[in-house]
Amino acid sequence: MQSTLQLTHPTKENLHVAIIMDGNGRWANKRGLPRQAGHQAGVAALRDVVEASPKLGINMLTVYAFSADNWKRPADEISAIFILLKRYLEREMANLVKANIKLTTIGRRDRIPGEIASALQHAEKITANCTKLHLRVALDYSSRDSILAAAAACHKVMPKRAIFAHKLAGRETPRDVDLLIRTSGEKRLSDFLLWEAAYAELYFTDQLWPDFGEADLSAAVEEYHRRDRRYGAVQDAASTAA
Ligand code: FPP
């Protein structure tokens, strides 16, 4: 039975974790700071989580940094997020290579400011052969739009799930999400990895993203390992279903 498109069965060493990093604005509001300060603190939290991921058996981490709907935000907030991203790329690249972390993005590139798009291209190039962790940053991303684009590429032929997953993943090898975390108490997926998270374990926490760190990620991964993933089967059959 093909109930999932996971090409490799998740073990304690090859988890794909996806994170909706929510709550930066509220974190800043609570402190009487501008929203941008929340995003800045959010980048620091991301740095901690990236560093902790390989220790927790995560070899793919997909983070939602900017959704296609985030263009509706005020222009100064949007530009602050892109400035933070640029700084992150400038400051972290050497560390990423040293830590053997590959960085790529998912989402549209054509609406991203030119110098950021070039910096991303450079980052992808110099980390291309890194293998310890694959960090994927979702930027100008909409899962619905990605699914529509993959469907359009199927030229009216009803594809098998695995073929469709390859179209959806573009140049990457398709990977299902094992664990999807959303911070800040919101409990929705907000157009993030809707196909890839079909069998993901969902983990919601009230913590605001800037307060989320290694201990919290570890607690989420522990909770994941306590869950019983059955992929729609009964317990004994599920171990052979993926
Ligand atoms: C959601 O919080 C957060 C975002 C839309 C932006 C997340 C971006 C970063 C952490 C920085 C990106 C940079 C890098 C390096 C990837 P919110 O603003 O919706 O918070 P709120 O719901 O409390 O208002």
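Look a little higher up for the structure.
As a convention, each chain's residues are numbered from 1 in the sequence order in which they are written. Predicted model: local features are reported for residues with pLDDT of at least 70 only, side-chain atom pairs are reported and counted for 80 or more only, and whole-chain, interface and lining totals are derived from all residues. Water and hydrogen atoms play no part in the side-chain values, which are based on all heavy atoms of the structure.

Draft legend 1. Seen up close, unusual backbone geometry. Although it is not a glycine, D191 adopts a positive phi angle of roughly 65°. Here D191 shows up in the loop between β5 (179-182) and β6 (201-204). You can call D191 buried: its relative accessible area is 17%. The phi dihedral of L193 is positive, around 50°, even though this residue is not glycine. The topology assignment puts L193 in the loop between β5 and β6. Secondary structure counts use DSSP, requiring at least four H or I residues in a row for a helix and at least two E residues in a row for a strand, with both numbered from the N terminus. Three exposure classes are used, based on accessible area relative to the maximum for each residue type with a 1.4 Å probe and protein chains only: buried under 20%, partly exposed in between, and exposed over 50%.

Draft legend 2. Examining the site of the ligand more closely. The cutoff for a nearby residue is simple: one of its non-hydrogen atoms must lie within 4 Å of the molecule or strand. As a matter of local geometry, the ligand sits amid 17 residues, with D22, G25, R26, R35 and R73 nearest to it. Between the ligand and the protein, one listed contact pairs an oxygen atom with a backbone N or O atom of G25 at 3.0 Å. R73 is positioned such that a nitrogen or oxygen atom in its side chain is 2.8 Å from an oxygen atom of the ligand. Per-residue and other accessible areas were derived by the Shrake-Rupley procedure at a 1.4 Å probe size, with only the shown protein chains allowed to occlude residues. Coverage of the ligand by the protein chains reaches 92% of its 620 Å² of free accessible surface. Taking a 2 Å distance to the grid points as the criterion, the majority of the atoms of the ligand fall inside the second largest pocket. The leading source of residues in the shell around the ligand is helix α2 (residues 35-52), at five residues. When residues are sorted by character, Ala, Val, Leu, Ile, Met, Phe, Trp, Tyr, Cys and Pro go into the nonpolar class, Asp, Glu, Lys and Arg into the charged class, and all the rest, Gly among them, into the polar class. Along the lines of polarity and charge, the residues of the shell around the ligand split into seven nonpolar, six polar and four charged. Polar contacts, as counted here, are pairs of nitrogen or oxygen atoms within 3.5 Å of one another; within protein the pair requires one atom able to donate a hydrogen and one able to accept it, and residues that are adjacent in sequence qualify only if both atoms are side-chain atoms. A cavity, in this analysis, means grid points on a 1 Å lattice covering only the protein atoms where a 1.4 Å probe fits yet has no way out; a pocket is instead an open set bounded by protein on both sides within 12 Å along at least five of seven lines, and a residue lines either one if it has an atom within 4 Å of a point. Just a note on the criterion: a molecule sits in a pocket or cavity if more than half of its atoms are within 2 Å of the grid points.

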